There are 2 protein chains.
Amino acid sequence: MGLHTIVIHGGAGVIQPSMGNRDRLDPCHQGLREALDAGFLVLDQGGSALDAVTRAVASLEDNSLFNAGRGSVFNENGYHEMDAAVMRGDSLKCGAVAGVTHIRNPVLLARAVMEQSGNVFLSGKGAEDFASRIGIPGETDSYFYSRERWNQWQEVRKVHQDPGKGPERFGTVGAVAVDQKGLIASATSTGGMINKIPGRIGDSPVIGAGTYANNATCGISCTGYGEFFIRSVAAHDVSCLMEYSGLSLQDAMRRVIFEKIPSLGGSGGMIGVDAQGRGYMVFNTQGMYRGIRDSSGRLETSIFGDP
Amino acid sequence: MGLHTIVIHGGAGVIQPSMGNRDRLDPCHQGLREALDAGFLVLDQGGSALDAVTRAVASLEDNSLFNAGRGSVFNENGYHEMDAAVMRGDSLKCGAVAGVTHIRNPVLLARAVMEQSGNVFLSGKGAEDFASRIGIPGETDSYFYSRERWNQWQEVRKVHQDPGKGPERFGTVGAVAVDQKGLIASATSTGGMINKIPGRIGDSPVIGAGTYANNATCGISCTGYGEFFIRSVAAHDVSCLMEYSGLSLQDAMRRVIFEKIPSLGGSGGMIGVDAQGRGYMVFNTQGMYRGIRDSSGRLETSIFGDP
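Rules behind the numbers
Think of each chain on its own: its residues are numbered from 1, step by step along the sequence as written. Each chain gets a letter, beginning with A, and each ligand a number, beginning with 1, in the order they are written. Predicted model: local features are reported for residues with pLDDT of at least 70 only, side-chain atom pairs are reported and counted for 80 or more only, and whole-chain, interface and lining totals are derived from all residues. The basis for every side-chain value is the complete set of non-hydrogen atoms in the structure, without hydrogens or water. Here, a salt bridge means any side-chain nitrogen of Lys or Arg that lies within 4 Å of a carboxyl oxygen of Asp or Glu. Each helix corresponds to a stretch of at least 4 residues labelled H or I by DSSP, and each strand to a stretch of at least 2 residues labelled E; elements are numbered beginning at the N terminus. We call Phe, Tyr and Trp rings a pair once their centres come within 6.5 Å, taking the six-membered ring for Trp, and we label the pair stacked below 30 degrees between planes, edge-to-face above 60, and tilted otherwise. Exposure classes here rest on a 1.4 Å probe applied to the protein chains alone. A residue is buried below 20% of its type maximum, exposed above 50%, and partly exposed in between. Whether a charge sits over a ring depends on NZ of Lys or CZ of Arg being within 6 Å of the ring centre and within 35 degrees of the ring normal. In this description, contact between two residues means that some pair of their heavy atoms is separated by no more than 4.5 Å. Here the quantity called buried area is the total loss of accessible area, with a 1.4 Å probe, experienced by two parts when brought into contact, counted for both. Here a polar contact is taken to be a pair of N or O atoms separated by no more than 3.5 Å, where protein atoms must pair a possible hydrogen donor with a possible acceptor and residues adjacent in sequence count only if both atoms sit in side chains. Strand pairing requires that DSSP identify at least two bridges connecting the strands. Throughout, an axis means a line fitted to C-alpha atoms (over the contacting stretch in the case of helices), and angles, computed between N-to-C directions, take values from 0 to 180 degrees. By nonpolar core is meant a set of buried Ala, Val, Leu, Ile, Met, Phe, Trp, Tyr and Cys residues that side-chain atoms within 4.5 Å join together.

**Some points on the pattern of salt bridges**
Residues and elements named next belong to chain A.
At step 1: Summed over all chains, the structure comprises 26 salt bridges over all chains.
At step 2: Note that Asp 51 is salt-bridged to Arg 111, the shortest N-O span being 2.7 Å. Taken together, the positions of Asp 51 in helix α2 (residues 49-61) and Arg 111 in helix α3 (residues 106-117) put the pair 60 residues apart, joining distant regions of the chain.
At step 3: Between Arg 278 and Asp 274 there is a salt bridge, with its nearest N and O atoms 2.8 Å apart.
At step 4: Salt bridges here are not isolated pairs; linked through shared partners, they connect Arg 33, Asp 37 and Arg 293.

**Describing the packing of aromatic side chains**
At step 1: Within the structure shown, the criterion is met by 16 aromatic pairs over all chains.
At step 2: Look at Phe74(B) and Tyr145(B): their rings are 6.3 Å apart centre to centre, the planes differ by 70 degrees, and that puts the pair in the edge-to-face class. Remark: Tyr145(B) occurs in the loop between α4 (124-133) and α5 (147-159) and Phe74(B) occurs in the loop between α2 (49-61) and β2 (82-88); sequence separation between them is 71 residues.
At step 3: Under the relative-accessibility criterion, Phe74(B) is labelled buried at 3%.
At step 4: An angle of 85 degrees between the planes, with centres 4.9 Å apart, marks the rings of Tyr225(B) and Phe228(B) as edge-to-face. The same class applies to Tyr225(B) and to Phe228(B), which are both buried.
At step 5: These aromatic residues form a ring-pair network of at least three members: Phe74(A), Tyr145(A), Trp150(A) and Trp153(A).
At step 6: Sitting over the face of the ring of Trp153(A), Arg157(A) holds its NZ or CZ atom 4.2 Å from the ring centroid.

**Overview of the interface of chain B and chain A**
At step 1: Listed as interface residues are 37 residues of chain B and, on the opposing side, 37 residues of chain A.
At step 2: Across the interface of chain B and chain A, roughly 3200 Å² is buried in total on both sides, 61% from carbon and sulfur atoms.
At step 3: Of all residues in chain B, Phe121(B), Arg231(B) and Tyr244(B) give up the largest surface area on contact with chain A, accounting jointly for 22% of the area buried on that side.
At step 4: Linking chain B with chain A are 0 salt bridges, by the criterion used here.
At step 5: Inspection of the region where chain B meets chain A yields 15 residue pairs in polar contact (both at pLDDT 80 or more).
At step 6: When contributions to the side of chain B that touches chain A are tallied by element, the ones reaching two or more residues are β4 (121-123), α4, α6 (226-232), α7 (234-245) and α8 (249-264) of chain B.
At step 7: By residue number, the principal contributor to the side of chain B that touches chain A is α7(B), which donates 7 residues.

**Let's talk about the sheet that holds strand β6 (residues 184-190) of chain B**
Residue and element names in this part refer to chain B.
At step 1: Across the sheet, which stays open at both edges, the 8 strands sit in the order β4-β3-β2-β6-β5-β1-β11-β12 with mixed pairing between neighbours. Looking at which strands have only one partner, the edges of the open sheet turn out to be β4 and β12 (299-302). Taken pair by pair, the neighbouring strands of this sheet meet at an average axis angle of 10 degrees, ignoring direction.
At step 2: Where helix α3 (residues 106-117) meets the sheet, it contacts β2, β3 (94-100), β4 and β6, and its direction lies at approximately 130 degrees from that of β3.
At step 3: Its contacts with the sheet place α4 against β3 and β4, and it is angled at close to 115 degrees to β3.

**Observations concerning the nonpolar core**
At step 1: In terms of nonpolar packing, the biggest core is built from 102 residues, with Val238(A) and Val238(B) touching the most fellow members.
At step 2: Those residues in contact with Val238(A), other than ones at most four positions away along the chain, are Cys218(A), Ile220(A), Leu249(A), Ala252(A), Met253(A), Val256(A) and Met270(A).

**Considerations on the environment of His102(B)**
Residues and elements named next belong to chain B.
At step 1: Relative to the elements of secondary structure, His 102 occurs in the loop between β3 and α3.
At step 2: Put simply, His 102 and Phe 144 are 42 residues apart on the chain and 8.2 Å apart in space, counted from C-alpha to C-alpha.
At step 3: Excluding anything up to four places from it in sequence, His 102 contacts Met 82, Glu 128, Pro 137, Gly 138, Glu 139, Thr 140, Asp 141 and Phe 144.
At step 4: There is a polar contact of 2.7 Å between the side chain of His 102 and the side chain of Thr 101.

Pasting the structure below:
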């Protein structure tokens with residue numbers, strides 16, 4: 001019997017210690033901790049890893065500090081387009097949404113796609129129509145508005161043209177967990193890249209790229225410059241390195257994050273959990289908002305530091 | 001020095017020999033042959049595999065017999081939503097579009113996304129806006145209309161509810177090639193499942209699921225019940241089975257199509273080419289529109305028969 005474990009992230013990127021005044025970082029640690037506890041409680045009470053990861057990700061989506069759900073960044077046309085995915089490692093069932101604009105918790109819609117739609121991937125207005133058919137109401141624009149995100153967007157529009165450059169241009173939230181019955185699940189949600197062109201889909205909702213779960217190997221959720229994670233099929237590559245090459249989860253994650261993604265010019269990070277409940281957080285950026293809690297008593301939230 | 005080879009498909013599914021009157025099948029063979037020749041000519045003249053696969057797929061998109069481009073099936077709301085992707089195996093660069101409604105050749109737009117957008121995956125109106133910015137004009141609804149597709153749709157609406165059941169409910173076109181310099185490329189394009197709900201994205205534009213290319217291993221394009229190919233990350237799985245487990249292309253394709261996809265309840269097929277120019281066509285359905293041509297003189301088009 002392994003541990004039950006949840007690992008979460010709130011995005012990776014150019015997070016410099018110089019940005020680290022306590023006024024700013026304490027609420028981030030607190031948000032990570034709340035999400036971690038919400039997910040861990042599910043596991044500890046014997047609930048499913050799928051419930052745990054959706055609970056944790058929904059908590060991060062509800063927190064305007066993170067780029068997902070309520071805190072999603074503005075796209076080039078001044079609105080929000082969100083992507084999310086969930087996957088369960090026993091049946092390999094999964095659900096994903098892309099380009100939804102008014103959904104409070106895209107991760108819950110992704111789960112509904114998995115469980116109720118007969119499809120796995122819905123986008124745009126079709127995804128929102130499905131949401132209203134099954135009783136998930138839309139939020140207003142004002143729910144997703146914050147002065148800070150607006151100012152960030154104005155700053156980026158003035159200064160930067162390349163959607164991959166600049167401070168905190170990408171952010172994502174995610175969770176992976178293994179429960180007491182050995183089910184592995186993964187979930188990822190994002191507002192995408194700030195000032196992205198409308199219609200751009202990142203790696204988060206692409207099964208195998210930003211999100212993957214397989215009880216035989218691991219659960220993975222990625223964050224970073226999504227285009228490189230799609231080209232690398234990063235999350236599934238970790239699973240295949242374990243299944244076919246016999247690498248440990250940690251070695252497989254390190255191979256992808258420190259060798260494969262950088263060889264293409266990309267940056268970012270990922271969290272992972274294996275069937276024994278070992279959790280890892282790996283990134284090649286200056287920081288990654290992250291946290292882990294398991295049944296051995298391990299409990300950490302971190303932002304900077306060695307990956 | 002290996003062969004230069006192109007392999008194409010025009011969809012797999014419930015294609016019964018009883019459907020095989022010559023009036024119907026001859027034009028299919030002819031369409032496959034035209035696409036094959038268009039792509040092979042590029043290879044034979046020393047052109048790139050990327051040009052070859054986009055040329056071949058565009059030819060199939062222009063042929064109203066196949067479910068992609070002009071011949072795309074109707075969705076639940078009575079219009080067309082098309083998906084496509086391309087990938088090149090040297091740089092792992094790729095481009096994909098989902099849910100475009102008025103693009104004559106989605107495969108060419110996917111290529112433009114790869115080469116001109118700075119992103120890899122664009123959907124819906126954003127993808128069409130990108131198309132008009134770079135000078136790809138939209139087609140009218142009438143370009144995509146055919147009496148036969150309309151009647152098919154009416155039939156399906158009357159009889160079937162499950163989007164995976166029934167005759168020829170899915171179809172896709174694709175091509176994989178290796179050129180004289182050893183570049184492998186893949187391309188896939190589809191109108192998706194007939195009567196699909198708006199916004200549904202299949203495996204074709206999902207890099208790693210329906211489309212993948214890597215010079216170190218293979219190029220793959222899939223067709224079938226797309227949800228199962230997404231859950232299996234089917235195209236990338238073939239590549240990983242080769243790279244990490246040392247399987248041949250043929251054995252890896254057979255593992256995925258005859259073991260992994262059916263174990264989830266799915267059906268379909270895929271075409272593949274390796275760096276030596278060996279091409280394979282594998283399917284677990286009753287037929288797959290397919291063809292292969294290589295520099296050894298091999299030239300075939302087939303619909304039924306042993307995979």
